[in-house]
Each structure stands twice: as structure tokens, then as C-alpha cells.
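So the chains spell out like this:
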Amino acid sequence: MTKKIIAFGASNSSTSINKRLAAYTTTLFKNSVVEILDLNDFAIPTYDIDIEKKEGIPRLAKNFNNKIGTADLVIISMAEHNGNYTAAFKSLFDWMSRIDVNLFQNKKMLLLSTSPGQRGASSVLEIAKYRFPRHGALVLDTFSLPNFNTNFDYENSMITNEEFKNKLIEIIKKINF
């Protein structure tokens, strides 16, 4: 049976390296239908109780929530701004929690992160790893790719560092999706 993967980078950057890592990771799964989401297609205002009272929950937050609901596996590559979620992702996260605190809908999840630096956005990855299960994520594993510009080939969209590539492949084998 074919399974559906929803993947996205938790950034609204048009050149998001986290979106690239998430998209690459989906290619390592066999017999899957993949949908790559772009947070720019779900641009919504920062969560505000006054907006919610006046206008309700934005349609785009509901649409994103519905997309998560269609997945058998959710792959999120967490971008890091000042050690935490990006503002674009945090706002979407906050609005979705107003739809249902169980916003990840008990979906299996693989959490990734990358950055140009040596820590590979590991701070935000740790935050997400411990926070998302409180919102219905079944976090199966995590993977961080440090030094993105050194360890990832833009032209061929793949991890070039064999150690990191093999580590990610082993994680995917463990998931047994």
C-alpha cells in the first residue's frame, strides 16, 4: 500500500535550505506519494486573540491543518532563528493549535534540521523534539545536518558527506515506513 508523506521546511525563505533537506529526504523513501509544502503558500498573520475573535481562524491555517491530516508521515526540517522556531512557522503552529491542540493529529513524524553552521540548527530541533509530542506528533527520530553549504550539493539536491548520508539512510530504515 502506498503511503503519503507531507514534507516541508519550517521557513518562509524562498531559498530555504531546510525545505531542500526535507525534499531530499523524501526521495529516500520507496513506494510513497510525496507532497512538499511551502510555508509561503500558507502566509498568515501572527497569532492574535483579537484577530481570532474578529475574523476567526485563517482559512490557510485550516488548509495546512487539513494537509497534515492526509499524511501517513510528516517530515519537517526545522529552520532556526535565534535558537528557536522561525516566526512564519511559529505563527502557523499557534493558529493550528487554536483549531486543535493535537495539531499534528497523531501522525508519525521525522524531524530534521540544518543550517550553514556547525550546530545544524540543533537548538530548535531539540525544542521541537520535546514540544511536538504534546501536540500529537509521534516523533520517530531526528536528524541534523551541520554545515549545509559544505555537506549538501545544491545542483544535485543531495547530501554529499557519506557519514551524514548514511546516518540519515539508517534512520529511514529504522522507521520502516
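By convention here, each chain's residues receive numbers from 1 onward along its written sequence. At least 70 in pLDDT is required for a residue's local features to be given in this predicted model, at least 80 for side-chain atom pairs to be given and counted, and no such filter applies to totals for whole chains, interfaces and linings, which use all residues. Side-chain numbers here rest on the full set of heavy atoms in the structure, without hydrogens or water.

Caption draft 1: Region of interest: the overall build of the protein chain. In this description a helix means any DSSP run of H or I spanning at least four residues, a strand means any run of E spanning at least two, and both kinds are numbered starting from the N terminus. Check the secondary structure of the protein chain and you find seven helices and seven strands. Seen in sequence order, the protein chain has helices and strands lined up from the N terminus as β-α-β-α-α-β-α-β-α-β-α-β-β-α. A compact globule built from 177 residues would reach a C-alpha radius of gyration of about 16 Å, and the protein chain, at 16 Å, matches this within 12%. Expressed as lengths along the three principal axes of its C-alpha atoms, the size of the protein chain is roughly 50 × 40 × 30 Å. Counting all 177 residues of the protein chain, 46% fall into the buried class. Taken over C-alpha atoms, the radius of gyration is set against a globule rule of 2.2 Å times the number of residues to the power 0.38. For the exposure calls, accessible area comes from a 1.4 Å probe over protein chains only, and a residue counts as buried if that area is under 20% of its type's maximum, exposed if over 50%, partly exposed in between.

Caption draft 2: Inspection of the sheet that holds strand β4 (residues 107-114) at higher detail. For two strands to be treated as a pair, DSSP must find at least two bridges joining them. A sheet is described by the order of its strands in space; here five strands give the open sequence β2-β1-β3-β4-β5, paired in parallel fashion. The sheet terminates laterally at β2 (32-37) and β5 (137-145), the two strands that pair on one side only. Averaged over neighbouring strand pairs, the angle between their axes works out to 20 degrees when direction is ignored. With six bridges connecting them, strand β1 (residues 3-9) and β2 associate as parallel partners. Residue pairing across strands places I6 opposite E35, the latter belonging to β2. Here the axes come from fitting lines to C-alpha atoms, over the contacting stretch only for helices, and the angles between their N-to-C directions go from 0 to 180 degrees.

Caption draft 3: Main features of the side chain of N151. Inspection of the secondary structure puts N151 in helix α6 (residues 148-151). By relative accessible area, N151 is classed as buried at 7%. For N151, the residues in contact, after removing those within four places along its chain, are L145, P146, M158, I159, T160, N161 and F164. Residue contacts follow a heavy-atom distance rule, with two residues in contact if any of their heavy atoms lie within 4.5 Å.

Caption draft 4: Expanded view of the pattern of salt bridges. The term salt bridge refers to a side-chain nitrogen of Lys or Arg lying within 4 Å of a carboxyl oxygen of Asp or Glu. By the definition in use, this model includes eight salt bridges. Between K4 and E35 there is a salt bridge whose closest N-O contact spans 3.1 Å. Of the two residues, K4 sits in strand β1 while E35 sits in strand β2, which places them 31 residues apart along the sequence. In this structure, D94 and K90 form a salt bridge, with 2.6 Å as the shortest nitrogen-oxygen distance. Of this pair, D94 and K90 both sit in helix α4 (residues 87-99), separated by four residues, roughly a single helical turn. For D94, a relative accessible area of 19% translates into the label buried.

Caption draft 5: Just the nonpolar core, in detail. Of all hydrophobic cores here, the largest spans 31 residues; its most connected members are F8, F64, I76, M78, F89 and F132. Of all the secondary-structure elements, those providing two or more residues to this core are β1, α3 (59-69), β3 (73-78), α4, β4 and α5 (122-131). Broken down by element, this core gets its largest block of residues, five residues, from α4. Residues within four places of M78 in sequence aside, it is in contact with A10, N18, Y85, F89, L111, L112, S113, T114, A121, V124, A128 and F132. The nonpolar core is taken to be a set of buried Ala, Val, Leu, Ile, Met, Phe, Trp, Tyr and Cys residues, with the residues joined through side-chain atoms within 4.5 Å. Listed in part, the 21 residues of the second largest apolar core include I5, F29, I159 and I172.

Caption draft 6: Spatial organisation of the packing of α3 against α4. At a minimum axis distance of 9 Å, the contact between α3 and α4 shows a crossing angle of 80 degrees. As far as their axial angle goes, α4 and α3 are roughly perpendicular. Across from A61, K62, F64, N65 and I68 in α3, the residues of α4 making contact are L92, W95, M96 and I99. Residues are grouped as follows: Ala, Val, Leu, Ile, Met, Phe, Trp, Tyr, Cys and Pro are nonpolar; Asp, Glu, Lys and Arg are charged; all remaining types, including Gly, are polar. Across the contact of α3 with α4, the residue classes tally to seven nonpolar, one polar and one charged. For classification purposes, an angle smaller than 35 degrees is called roughly parallel, one larger than 145 roughly antiparallel, one from 65 to 115 roughly perpendicular, and anything else oblique.

Caption draft 7: How the structure looks around the environment of I57. Within the secondary structure layout, I57 lies in the loop between α2 (49-55) and α3. For the pair formed by I57 and R98, sequence separation is 41 residues and the distance between their alpha carbons is 7.6 Å. If near-sequence neighbours (up to four positions away) are discounted, I57 is found in contact with E52, K62, W95, R98 and I99.

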